[in-house]
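# Results of the structural survey
As a plain string of letters, each chain reads:
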Amino acid sequence: FFFFNDTATTEIYTEQIVGSVRCVQETGTWGTLLQLCNPKIEIGRYFKAIQKSFLPSLIRDLTFRFTFNCTNDLVLFQKYYVYLLKSPKQFAERETYKKDYITSLSYNQKLTTLMISTIMAVTLSMPFDIISTKLITQQYEKYTGIVNAYKTILKEEGLPKLMFSGMWARSTYLLTNGWLFMNFYPFFKDTFEEAFL
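Along each chain, numbering runs from 1 in the same order as the chain's sequence is written. With the structure being a predicted model, the display of local features is reserved for residues of pLDDT at least 70 and the display and counting of side-chain atom pairs for 80 or more, all residues being used for whole-chain, interface and lining totals. Side-chain measures here rest on the full set of heavy atoms in the structure, leaving out hydrogens and waters.

### Regarding helix α7 (residues 167–196)
Convention followed: Secondary structure elements are taken from DSSP: a helix is a run of H or I of four residues or more, a strand is a run of E of two residues or more, and numbering for both begins at the N terminus. What a helix should span is 1.5 Å times the count of its residues minus one. A residue's bend is given by the angle between axes fitted to the 7 residues ending at it and the 7 residues starting at it. The buried label goes to any residue with under 20% of its type's maximum accessible area, the exposed label to any with over 50%, and the partly exposed label to all in between, with areas taken from a 1.4 Å probe on protein chains only. Any pair of residues with heavy atoms lying within 4.5 Å of one another is described as a contacting pair.
With 30 residues, α7 should reach 44 Å at 1.5 Å per residue; the first-to-last C-alpha distance of 41 Å fits that figure. Bending of α7 peaks at approximately 40 degrees at the position of Phe184, with proline Pro186 no more than four residues after it. Taken together, the buried positions of α7 are occupied by Met167, Arg170, Ser171, Leu174 and Gly178. Summarising the contacts, the buried residues of α7 are in contact with α1 (43–76), α4 (107–137) and α6 (159–164).

What follows is the structure in structure tokens.
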């Protein structure tokens, strides 16, 4: 395969550069970005990268789920928890109050809570997402593990890269996912329960 270098219009052939991006400059104007790929794919290397990224992916998902659930419950059910602390009741009374409380929540309250919880969870789990992505997509073995990747990214690219790179895309995806779940899951759940139970 080939790419054009930045100063000449000649083609340069190499097998050492994999996945690099170069700009084409001809007659003083910038051309299109070219993405290179190596036809000689080493499957073992990719499986090794997936194996290395498993731990940070697991930590990312656990951090996200724990933060989201705690924030969601504290924001959405704060009055219910205060009620339980102030007046310990029988289990039946608590369940009745809980059902009434859930039905009294407005759509805007649920949507606001979803947004707060998602942004909080994404922010706290973002470093592990960056590390996982770097480990799985590296073209050559630059990062040897989770700790090495963390130190290298901090040293070479800084804290903003580790905390906020790709945050808008991940937040948008997860907010959309949560909104779809919030709006359509109860309908499908009730439909299936009515049809099959």
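Having put the structure on the table, let's press on.
### Re the nonpolar core
Formally: For the purposes of this section, nonpolar cores are sets of buried Ala, Val, Leu, Ile, Met, Phe, Trp, Tyr and Cys residues that join through side-chain atoms within 4.5 Å.
Formed by 15 residues in total, the largest nonpolar core has its most connected members in Phe64, Val122, Ile131 and Ile153. At the level of secondary structure, the elements contributing two or more residues to this core comprise α1, α4, α5 (146–156) and α7. When residues in this core are grouped by element, the largest group, seven residues, is from α4. Non-local contacts of Val122, meaning those with residues more than four positions away in its chain, are made with Phe64, Met167, Arg170, Ser171 and Leu174. With six residues, the next largest nonpolar core counts Leu76, Phe77, Tyr83 and Tyr101 among its residues.

### A closer look at the packing of α1 against α4
Under the convention used in this document: Between the N-to-C directions of two axes lies an angle of 0 to 180 degrees, each axis being a line fitted to C-alpha atoms and, for a helix, fitted only over the stretch in contact. Working rule for angles: under 35 degrees goes down as roughly parallel, over 145 as roughly antiparallel, 65 to 115 as roughly perpendicular, anything else as oblique. By convention, the crossing between two helices is left-handed when the near helix turns anticlockwise from the far helix through less than a right angle, and right-handed when the turn is clockwise. All amino acids are sorted into three groups, where Ala, Val, Leu, Ile, Met, Phe, Trp, Tyr, Cys and Pro are nonpolar, Asp, Glu, Lys and Arg are charged, and the leftover types, Gly among them, are polar.
It is the contact of α1 with α4, at a shortest axis distance of 8 Å, that shows an interaxial angle of 165 degrees. Considered as vectors, α1 and α4 are oriented roughly antiparallel to each other. Considering the relative orientation of α1 and α4, their crossing is right-handed. Here the residues of the contact of α1 with α4 sort into 18 nonpolar, twelve polar and four charged.

### Digging into the environment of Ser117
Going by this rule: As used in this structure description, the phrase polar contact means that two N or O atoms lie within 3.5 Å; if the pair is within protein, one of them must be able to donate a hydrogen and the other to accept it, and residues adjacent in sequence are counted only when both atoms belong to side chains.
With respect to the helices and strands, Ser117 occurs in helix α4. Taking the C-alpha atoms as reference, Ser117 lies 9.6 Å from Leu175; in sequence the two are 58 residues apart. Leave out the neighbours within four places in its chain, and Ser117 touches Phe68, Thr71 and Asn72. Within polar-contact distance, the side chain of Ser117 engages the backbone nitrogen of Asn72 at 3.2 Å.

### A short note on the side chain of Gln138
Along the chain, Gln138 falls in the loop between α4 and α5. Side-chain polar atoms of Gln138 contact the backbone oxygen of Leu135, separated by 3.4 Å.

### So, the confidence of the model for the protein chain
Cut-off, in case you're wondering: One confidence number per residue, pLDDT, is output by the predictor and ranges from 0 to 100.
Averaged over the protein chain, the pLDDT score is 79; the fraction of residues at 70 or greater is 77%. Within the protein chain, the element-level pLDDT minimum falls on strand β1 (residues 2–4), averaging 42, and the maximum on α4, averaging 93. Scored below 50 in pLDDT, residues 1–36 makes 62 contacts in the model with residues more than four places away or belonging to other chains.

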